[in-house]
Amino acid sequence: MTVDRTDAAAPIVNALTIDVEDYFQVSAFAARIARDDWDRLPCRVERNVCTILELLAGAGTKATFFCLGWVAERYPGVVRRLADEGHEIASHGFAHQRATDQTPDEFLTDIARAKKLLEDVTGNPVQGYRAPSFSVGERNPWAFDCIARAGYRYSSSLYPIRHDHYGVPDAPRFAHEVKPGLLELPVATVRMLSANWPAGGGGYFRLLPYGVSRWALRRINNVDRRPAMFYFHPWEVDPDQPRIDGISAKTRFRHYLNLDRMRPRLARLLCDFQWGRVDRVFLHGAA
Ligand SMILES: [Zn+2]
């Protein structure tokens, strides 16, 4: 008889992350909504972050919030509240431009500006960075140099899957050092049929039945014996957000599908697994 030693092991704490941006800032809308229009659109990020904070408080969970500099500049009180409630503040860059659409200098300027702004708002060092649309990969290996030069200790900018907008299907699935002193912490995937399948949130979490996500995350914890990196956005808990017209059927499907199911699903997710801040899950000896 074989003994499943994983049953006796302590439950693994996974990393829960939220990319703090508003509904009109998602990359899939970039061709439809000009950056100059952002200031004129009704913001919903504050109320949506409050909804998430209630969910997290109800479960006693702390998380990492990758905050967009643009949001932090306009709503510093939201960022301060997140920090005051014990969550980790990390950076999603300033202007939500894909790294692949920038020169190295532009990219470095954007991520350094966001880091300084977030540190000024909270008074705490910011250690983590996540690129918009997971836009770091084979096409821009210089990006990791920039992330290290800006002073970050970890990045969570790779999704090791095949996807039409992003993804590096052959990238390592788990935490690895990409530069001396800089860890890359990829979003969770499950290995099946010689391929990596998305298991770390985003549209897939709304598209697939909850049981599929639970199965995949359990597999990562119980078979791979690794913590999973999971992410979602404030606009995903907001079924009443203004609808953007003039977008493709595919984009509409991906953005608006099952928004009304997100809150109860997240509540189950928080119950079914152990969750924590990225720095406490992955940076040994961190606060
Ligand atoms: Zn984003």
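Presented here is an overview of the structure given in this document. Every value quoted in this text rests on a predicted model; they were computed, and no experiment measured them.

1. Considerations on the coordination of the zinc ion
Move 1: Those donors, Glu-21 (OE), His-92 (NE2) and His-96 (NE2), are the protein atoms that reach the zinc ion, and they lie 2.0 to 2.1 Å from it.
Move 2: Among the residues examined, Glu-21 registers a relative accessible area of 2% and is labelled buried.
Move 3: Judged by relative accessible area, His-92 falls into the buried class, the value being 2%.

2. With respect to the environment of Glu-106
Move 1: With respect to the helices and strands, Glu-106 occurs in helix α5 (residues 104-122).
Move 2: Given the relative accessible area of 43%, Glu-106 is considered partly exposed.
Move 3: Note: C-alpha distance between Glu-106 and Asn-14 (92 residues apart in sequence) is 33 Å.

3. As for the packing of aromatic side chains
Move 1: Inspection of every chain in the model, using the stated rule, returns 15 aromatic pairs.
Move 2: Relative to Phe-24, the ring of Tyr-23 lies with its centre 5.0 Å away and its plane at 80°, an arrangement referred to as edge-to-face. For the pair Tyr-23 and Phe-24, a shared accessibility class is recorded, and that class is buried.
Move 3: Both rings, one in Phe-205 and one in Phe-230, keep their centres 5.0 Å apart while their planes meet at 85°; by these two values the pair is edge-to-face. Linking Phe-205 in helix α7 (residues 203-207) with Phe-230 in strand β10 (residues 229-232), this pair joins segments that are 25 residues apart in sequence. With respect to class, Phe-205 is no different from Phe-230; both count as buried.

4. Side note on the pattern of salt bridges
Move 1: Within the structure shown, the criterion is met by 15 salt bridges.
Move 2: The salt bridge involving Asp-272 is made with Arg-214; its shortest N-O contact spans 3.8 Å. Taken together, the residues span a long stretch of sequence, with Asp-272 in helix α10 (residues 262-272) and Arg-214 in helix α8 (residues 210-224) at a distance of 58 residues.
Move 3: Classification of Asp-272 as partly exposed rests on a relative accessible area of 32%.
Move 4: Bridged by salt links that share partners, the residues Asp-39, Glu-73, Arg-74 and Arg-113 form one connected network.

5. Let's talk about the side chain of Lys-115
Move 1: By secondary structure assignment, the location of Lys-115 is in helix α5.
Move 2: Looking at Lys-115, the relative accessible area reads 11%, which means it is buried.
Move 3: Among residues more than four places away in sequence, those in contact with Lys-115 are Val-126, Ala-150, Gly-151 and Tyr-152.

6. Some remarks on the nonpolar core
Move 1: In this structure, Phe-65, Ile-147, Phe-230, Phe-232, Leu-266 and Leu-269 are the most contacted members of the largest nonpolar core, which totals 75 residues.
Move 2: A total of 7 residues in this core trace back to one element, the largest contributor, which is α5.
Move 3: Leaving out residues up to four positions away in the same chain, Phe-65 has contacts with Ile-18, Val-20, Ile-52, Leu-53, Leu-56, Leu-82, His-87, Glu-88, Ile-89 and Ala-90.
Move 4: Ala-15, Phe-134, Val-187 and Met-229 belong to the second-largest nonpolar core, a separate cluster that totals 15 residues.

7. Here's the deal with helix α2 (residues 45-59)
Move 1: The end-to-end C-alpha distance of α2, which contains 15 residues, comes to 21 Å, matching closely the 21 Å that a straight helix rising 1.5 Å per residue would cover.
Move 2: Of the positions making up α2, those classed as buried are Val-45, Asn-48, Val-49, Thr-51, Ile-52, Leu-53, Leu-55 and Leu-56.
Move 3: Tucked into the core, α2 has its buried residues touching β1 (13-20), β2 (64-67), α3 (69-74), α4 (76-84), β10 and α10.
Move 4: The first or second residue beyond α2 is Gly-60, which carries a positive phi of 65°.

8. Regarding the pairing of strand β8 (residues 189-192)
Move 1: With 4 bridges joining them, β8 and strand β9 (residues 195-198) adopt antiparallel strand pairing. Following the sheet pairing, Thr-189 is matched in β9 by Pro-198.
Move 2: Two successive antiparallel strands, β8 and β9, enclose a turn made up of 2 residues, where Leu-193 displays a positive phi of approximately 55°.

9. Digging into unusual backbone geometry
Residues other than glycine predominantly adopt negative phi, and peptide bonds predominantly adopt the trans conformation.
Move 1: Phi angles above zero are rare outside glycine, and His-96 is one such case at about 55°.
Move 2: Given the relative accessible area of 6%, His-96 is considered buried.

10. Comments concerning the pairing of strand β6 (residues 176-179)
Each regular strand shows side chains that alternate between the opposite faces of the sheet.
Move 1: One ladder, built from 3 bridges, connects β6 with strand β7 (residues 182-184); its direction is antiparallel. The partner of Glu-177 across the bridge, within β7, is Leu-183.
Move 2: Taking the residues between adjacent antiparallel strands as the criterion, β6 and β7 are bridged by 2 residues, where Gly-181 takes a positive phi near 85°.

Rules used in this analysis
- Here the residue index of a chain counts from 1 through its sequence in written order.
- Where totals are concerned, whole chains, interfaces and linings use all residues; where local detail is concerned, this predicted model gives features only for residues with pLDDT of at least 70, and gives and counts side-chain atom pairs only at 80 or more.
- With hydrogens and water excluded, all non-hydrogen atoms of the structure serve as input to the side-chain values.
- Donors, by definition, are the N, O and S atoms found within 2.8 Å of a metal, the threshold being 3.2 Å for Na, K and Ca, and water is not counted, so a site can look incomplete.
- To sort residues, take the accessible area from a 1.4 Å probe on protein chains only and compare it with the maximum for the residue type: under 20% means buried, over 50% means exposed, and anything in between is partly exposed.
- Helical segments are the DSSP runs of H or I of at least four residues, strand segments are the runs of E of at least two, and each set is numbered from the N terminus.
- Each pair of aromatic rings taken from Phe, Tyr and Trp, with Trp reduced to its six-membered ring, is defined by centres within 6.5 Å and is described as stacked if the planes are under 30 degrees apart, edge-to-face if over 60, and tilted in the remaining cases.
- Every case where a carboxyl oxygen of Asp or Glu lies within 4 Å of a side-chain nitrogen of Lys or Arg is listed as a salt bridge.
- We call two residues in contact when some of their heavy atoms are within 4.5 Å.
- Joining through side-chain atoms within 4.5 Å is the link that ties buried Ala, Val, Leu, Ile, Met, Phe, Trp, Tyr and Cys residues into a set, and such a set is a nonpolar core.
- A helix's residues, less one, multiplied by 1.5 Å, set its expected span.
- Note: two strands are recorded as paired if DSSP finds a minimum of 2 bridges between them.

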